[in-house]
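The lines below spell out each chain.
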Amino acid sequence: MRDTIIFREAIPGDAQNVLKHLQRIASETGFMTMGAEGPSKTIEAEYKEIEAILESDKTFLLVALDKEEIIGMAEIHGKDQPKLNHIGDISISIAQEYWGLRLGTTMMEKLIEWAKGPSSNLKRLELTVQARNERARRLYEKMGFELEAIMPRGVKDNGVYLDVCLMSMMIGEI
Ligand SMILES: CC(C)(COP(=O)(O)OP(=O)(O)OC[C@H]1O[C@@H](n2cnc3c(N)ncnc32)[C@H](O)[C@@H]1OP(=O)(O)O)[C@@H](O)C(=O)NCCC(=O)NCCS
């Protein structure tokens, strides 16, 4: 299955497919901040967002496709404020059927490669992950992310308060 997967930067024409993937992930796992309600965005809004991402030197959106279907997404989302625009937030989601095939590893490698490359001025990558999400935490540790803090009650899932880990990786010299 893994051999048929294609990785590429998202294009505006992916908008509908992106929203479909996010809706799927939202109902498959409680590990995302987005709940089962899914993404509350229109296809037009998503289209414009991807257009803006393509122009941005702070944000990078990667998709993994199995034939025509998006089955994975990984993003570095840069901040606009001048005092924070060296920081990129990471998020990643892969459809459950495709977990454990090292797609997460490949996508994280590609994000980090972009962050270290000439198109980016990022100096710090950060992410939050539920403490109970062992698979994701191991992936991030393997990529070189370090635990900075554990935030008690960092998220509430079905009325249960959960610990959330803040992890980071520094990029290049300052
Ligand atoms: C977390 C996620 C991105 C990982 O992607 P993946 O393609 O399944 O991960 P990989 O196959 O590349 O495995 C990455 C590492 O996870 C660890 N891992 C794999 N299976 C595991 C398991 N059953 N339990 C714990 N850790 C596991 C391993 O360390 C593995 O690296 P290794 O094979 O080199 O040892 C994916 O499972 C996912 O999208 N989950 C749902 C959404 C989510 O949790 N996103 C992150 C929110 S912060």
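Conventions and cut-offs
Position numbers for residues count from 1 along each chain, tracking the sequence in the order it is written. The model is predicted, so local features are restricted to residues of pLDDT at least 70 and side-chain atom pairs to those at 80 or more, both for listing and for counting; the totals for chains, interfaces and linings are taken over all residues. Where side-chain values are given, they derive from all heavy atoms of the structure, hydrogens and water being excluded. We call a residue near a given molecule or strand whenever any one of its heavy atoms falls within 4 Å of it. Pairing of N or O atoms within 3.5 Å defines a polar contact, subject to two protein rules: one partner must be a possible hydrogen donor and the other a possible acceptor, and residues neighboring in sequence count only if both atoms are side-chain atoms. Residue exposure ignores everything except the shown protein chains as possible cover, and the areas themselves are Shrake-Rupley values with a 1.4 Å probe. Helical segments are the DSSP runs of H or I of at least four residues, strand segments are the runs of E of at least two, and each set is numbered from the N terminus. Exposure classes here rest on a 1.4 Å probe applied to the protein chains alone. A residue is buried below 20% of its type maximum, exposed above 50%, and partly exposed in between. A pair of strands is labelled paired if DSSP reports no fewer than 2 bridges between them. Between N-to-C directions, angles cover 0 to 180 degrees, with each direction set by a line fitted to C-alpha atoms, over the stretch in contact for helices. UniProt positions are given in the numbering used here, feature names are shortened, and annotations may be inferred rather than shown by experiment. We count a salt bridge whenever a side-chain nitrogen from Lys or Arg sits within 4 Å of a carboxyl oxygen from Asp or Glu. Only four residue types enter the tally: Lys and Arg on the positive side, Asp and Glu on the negative side; His and the chain ends are excluded. What makes two residues a contact is simply this: any of their non-hydrogen atoms within 4.5 Å.

Per an unreviewed UniProt entry, the protein chain goes by Protein N-acetyltransferase, RimJ/RimL family and derives from Carnobacterium viridans.

A. View of the site of the ligand. Taken together, 21 residues sit near the ligand, with I94, R102, T105, N133 and K142 positioned nearest. With respect to the ligand, the side chain of N133 contributes an N or O atom lying 2.7 Å from an oxygen atom. Relative to its unbound accessible surface of 950 Å², the ligand loses 79% to contact with the protein. The set of elements that each furnish at least two residues to the shell around the ligand consists of β4 (87–94), α3 (103–116), β5 (124–130) and α4 (134–143). By residue number, the principal contributor to the shell around the ligand is α4, which donates 6 residues.

B. Highlighting the pairing of strand β2 (residues 60–66). Buried residues dominate β2, accounting for 7 of its 7 residues. Neither face of β2 is exposed, since F60, L62, A64 and D66 on one face and L61, V63 and L65 on the opposite face are all buried. As judged from the 5 bridges shared by strand β1 (residues 5–9) and β2, these two strands associate in the antiparallel manner. Counterpart to I6 in the pairing with β2 is L65. Alignment of β2 against strand β3 (residues 69–78), held across 7 bridges, turns out to be antiparallel.

C. Highlighting the sheet that holds β2. Read from one edge to the other, the open sheet built from 7 strands follows the order β1-β2-β3-β4-β5-β7-β6, with strand pairing classed as mixed. Edge strands, defined here as strands with exactly one partner in the open sheet, are β1 and β6 (146–157). For this sheet the average axis-to-axis angle between neighbouring strands, irrespective of direction, equals 25°. In this sheet, β5 lies alongside β4 in parallel orientation, the contact comprising 3 bridges. The residue bridging G88 from the neighbouring strand is L125, located in β5.

D. Expanded view of the UniProt feature "domain: N-acetyltransferase" (unreviewed entry) in the protein chain. Here the UniProt-annotated "domain: N-acetyltransferase" (unreviewed entry) positions come out as residues 5–172. Here residues 5–172 runs as 30% helix and 36% strand, with 30 Å between its end C-alpha atoms.

E. Region of interest: the pattern of salt bridges. All chains considered together, the criterion is met by 12 salt bridges. Two residues, E126 and R124, come together in a salt bridge whose shortest N-O distance is 2.9 Å. A single burial state applies to E126 and to R124, both of which are buried. Two residues, E134 and R138, come together in a salt bridge whose shortest N-O distance is 3.9 Å. Placement of both E134 and R138 in helix α4 is noted, with a separation of 4 residues, approximately one turn of the helix.

F. View of the side chain of D66. Within the secondary structure layout, D66 lies in strand β2. Look at D66: it is buried, it has no salt bridge, and the nearest opposite charge is K67 at 4.0 Å. Polar contacts involving the side chain of D66 include one to the side chain of T4, which spans 3.4 Å. For D66, the contacting residues outside a window of four places in its chain are T4, I5, I71 and Y98.

G. Inspection of unusual backbone geometry at higher detail. In the Ramachandran plot, R102 falls in the positive-phi region, its phi being about 70° despite a non-glycine side chain. Its relative accessible area of 54% is what places R102 among the exposed residues. Backbone geometry places R153, a non-glycine residue, at a positive phi of 60°. Relative to the elements of secondary structure, R153 occurs in strand β6.

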